[in-house]
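Below, each chain spelled out in residue letters.
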Amino acid sequence: MGNTREVDKNTIVVTGGAGFIGSCFVRHIIKETRLSVINIDKLTYAGNLQSLASVEFNPRHMLVHGDISDSSVIEQVLDEYSPIAIVNLAAETHVDRSIDGAAPFIQSNIVGTFVMLEQSLRYWASLGASAKRDFRFVHVSTDEVFGTLGETGRFTEASSYAPNSPYSASKASSDHLVRAWHHTYGLPALISNCSNNFGPFQFPEKLIPLVIINALSGKALPVYGDGRNVRDWLYVEDHVRALVQILRNGAPGKTYVIGGDNEKTTLDVINAICDILDTTTSLEKNGSYRNLIRFVTDRPGHDYRYSVDSSLIQKELGWQPAESFESGLKQTIEWYIDNRQWWQNIFDNTYKLDRLGLFKYSERS
Ligand code: NAD
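Residues numbered from 1 in each chain as written. Predicted model: local features only at pLDDT ≥ 70, side-chain atom pairs only at ≥ 80, totals over all residues. Heavy atoms only, no water.

Q: I'd like to hear about the site of the ligand, residue by residue, with values.
A: Inspection of the region around the ligand gives 28 residues, with Ile21, Asp41, Thr93, Tyr167 and Lys171 positioned closest. Within the backbone of isoleucine 21, an N or O atom sits 2.7 Å from an oxygen atom of the ligand. Within the backbone of threonine 44, one N or O atom sits 3.0 Å away from an oxygen atom of the ligand. Across the complex, the protein chains shield 97% of the 850 Å² of accessible surface that the ligand would expose by itself. (Near = heavy atom within 4 Å. Polar contact = N/O pair within 3.5 Å; in protein donor to acceptor, adjacent residues only side chain to side chain. Areas by Shrake-Rupley, 256 points an atom, 1.4 Å probe, with all protein chains shown as cover.)

Q: Can you explain the pattern of salt bridges? Please cite residues and give values.
A: This structure, assessed with the given rule, holds 13 salt bridges. A salt bridge links arginine 122 to aspartate 79, with the nearest nitrogen and oxygen atoms 3.2 Å apart. Here arginine 122, found in helix H4 (residues 103–125), pairs with aspartate 79, found in helix H2 (residues 71–81); they are 43 residues apart in sequence, far enough to count as distant. Arginine 122 sits in the partly exposed class, given a relative accessible area of 33%. (Salt bridge = Lys/Arg side-chain N within 4 Å of Asp/Glu carboxyl O. Helix = DSSP H or I, 4+ residues; strand = E, 2+ residues; numbered from the N terminus. Buried < 20%, exposed > 50% of the residue type's maximum accessible area, 1.4 Å probe, protein only.)

Q: How would you sum up the packing of aromatic side chains? Please name residues and give values.
A: Counted under the stated rule, the structure contains 17 aromatic pairs. Centre to centre, the rings of phenylalanine 105 and tyrosine 167 are 6.4 Å apart; their planes meet at 80°, and the pair counts as edge-to-face. A residue pair is termed long-range when its members are at least 10 positions apart, and phenylalanine 105 in helix H4 and tyrosine 167 in helix H6 (residues 166–185) qualify at 62 residues. Note on phenylalanine 198 and tryptophan 233: the rings are 6.2 Å apart at their centroids and 75° apart in plane angle, and the pair reads as edge-to-face. In this pair, phenylalanine 198 is assigned in strand E7 (residues 196–198) and tryptophan 233 in strand E9 (residues 230–235), connecting sequence segments 35 residues apart. The two residues phenylalanine 198 and tryptophan 233 agree in class, both being buried. In textbook terms, an aromatic cluster arises when at least three aromatic residues are bridged by ring pairs, as seen for Phe146, Phe155, Tyr161 and Tyr306. Lying across the ring of tryptophan 124, lysine 132 places its NZ or CZ 5.0 Å from the centre. The residue whose ring lies beneath arginine 231 is tyrosine 306, and the NZ or CZ to ring-centre distance is 4.0 Å. (Phe/Tyr/Trp six-rings, centres within 6.5 Å; stacked < 30°, edge-to-face > 60°. Lys NZ or Arg CZ within 6 Å of the ring centre and 35° of its normal.)

Q: How would you sum up the sheet that holds strand E10 (residues 255–258)? Please name residues and give values.
A: Strand order in the open sheet formed by seven strands is E3-E2-E1-E4-E5-E6-E10, with parallel pairing between adjacent strands. Looking at strand neighbours, the two that pair on one side only are strand E3 (61–65) and E10, the edges of this open sheet. The average undirected angle you get between the axes of adjacent strands in this sheet is 20°. Sheet analysis places strand E1 (residues 11–15) next to strand E2 (residues 36–41), joined by five bridges and oriented parallel. Bridge assignment links valine 13 to a residue of E2, and that residue is isoleucine 38. (Pairing = 2+ DSSP bridges. Axes fitted to C-alpha atoms, helices over the stretch in contact; angles between N-to-C directions.)

Q: If you had to explain the sheet that holds strand E11 (residues 263–265) to someone new, which residues and values would you point to?
A: Ordered in space as E7-E9-E11, the three strands form an open sheet in which the pairing is mixed. Of all strands in the sheet, those with a lone pairing partner are E7 and E11, marking the two edges. Direction aside, neighbouring strands of the sheet carry axes that sit 50° apart on average. Looking at chain direction, E9 and E11 are connected through three bridges and run antiparallel. Residue pairing in the sheet places valine 230 in a bridge with threonine 265 of E11. Across the sheet, helix H9 (residues 266–280) touches E9 and E11, and the angle it forms with E11 is around 85°. (Contact = heavy atoms within 4.5 Å.)

Put into structure tokens, the structure is as follows:
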């Protein structure tokens, strides 16, 4: 890339860097660049220091245990470390949990992003001309903000916002704030809207790790509704590479939609996991892992289909996914087989594979 900004040898702030995508982003930055990372994470149930074990003692990584909606923490970090960019990944992320109780989603995703923007603007305004020109605020969001598609059509940067779940509504709100802080105040901010990620270190409440772990444990593989809902899937490291391209070469004020060109029904995904496990594990089982599939009550308000047209980021920033769905899934399954302790610790401490998001008002938190 001829016009790549000189961002190495400097410090960036990453929020949510103990989560699934955030920890992959941090590990990538430490391995592939000379940047230093200040990682602000609240360490909610989804934050996991074990996902950062490989960078724990690296002098270019520092964890700040803090909340993005706490203005004083963000102010202190920005003033002390003078970052050249901020990548905002911190969020509450599970749709089912947002159905059971939206308050943390409003607080972290909306109020948290507002605080990040306010503090970034104050800090950015204090910079000299060249640092001001080079500064970037990259806000990481989801394709779910565009709502649901029917049988045809794809999301692009021009798609209208139509969020349907409390989670996607909170992310849509945060996107609107970022857009406004760019438009009104000139903050050099960019937004990415990515499809469903999968890969190592994903919290086991999400579909792919849940199915892998249940299968490995001989438990039922739950399919919401009729299993025909469609999602586009992207291997997490490909998402991280896209974010790095946006950070280096993206144009402030722009949105980039990111997808893997892997539209799959829920049932396709579960069958693919079962088929790989059938050929790769020597665990005791009765016939195929597919025999463990069970249809369960659908998620309320379940969006039918998402599909992403990533041609803009491919054309403008030269990004391409490196992994196919099959190659990414194989690596993911191998990782969960080889890293039982990582997920066993989660079950021992915080999460028991309970069904979430069925919305019983009397039980709503
Ligand atoms: P995750 O749930 O695995 O991790 C979220 C991280 O944010 C955790 O480490 C958590 O401790 C931290 N966090 C939450 N609230 C915080 C707060 N108030 N202050 C500081 N830290 C806080 O999430 P993920 O799947 O890695 O997603 C990261 C980002 O990417 C989110 O913004 C999400 O909306 C977006 N995204 C995710 C996907 C996906 O498929 N996972 C797809 C597109 C976009």
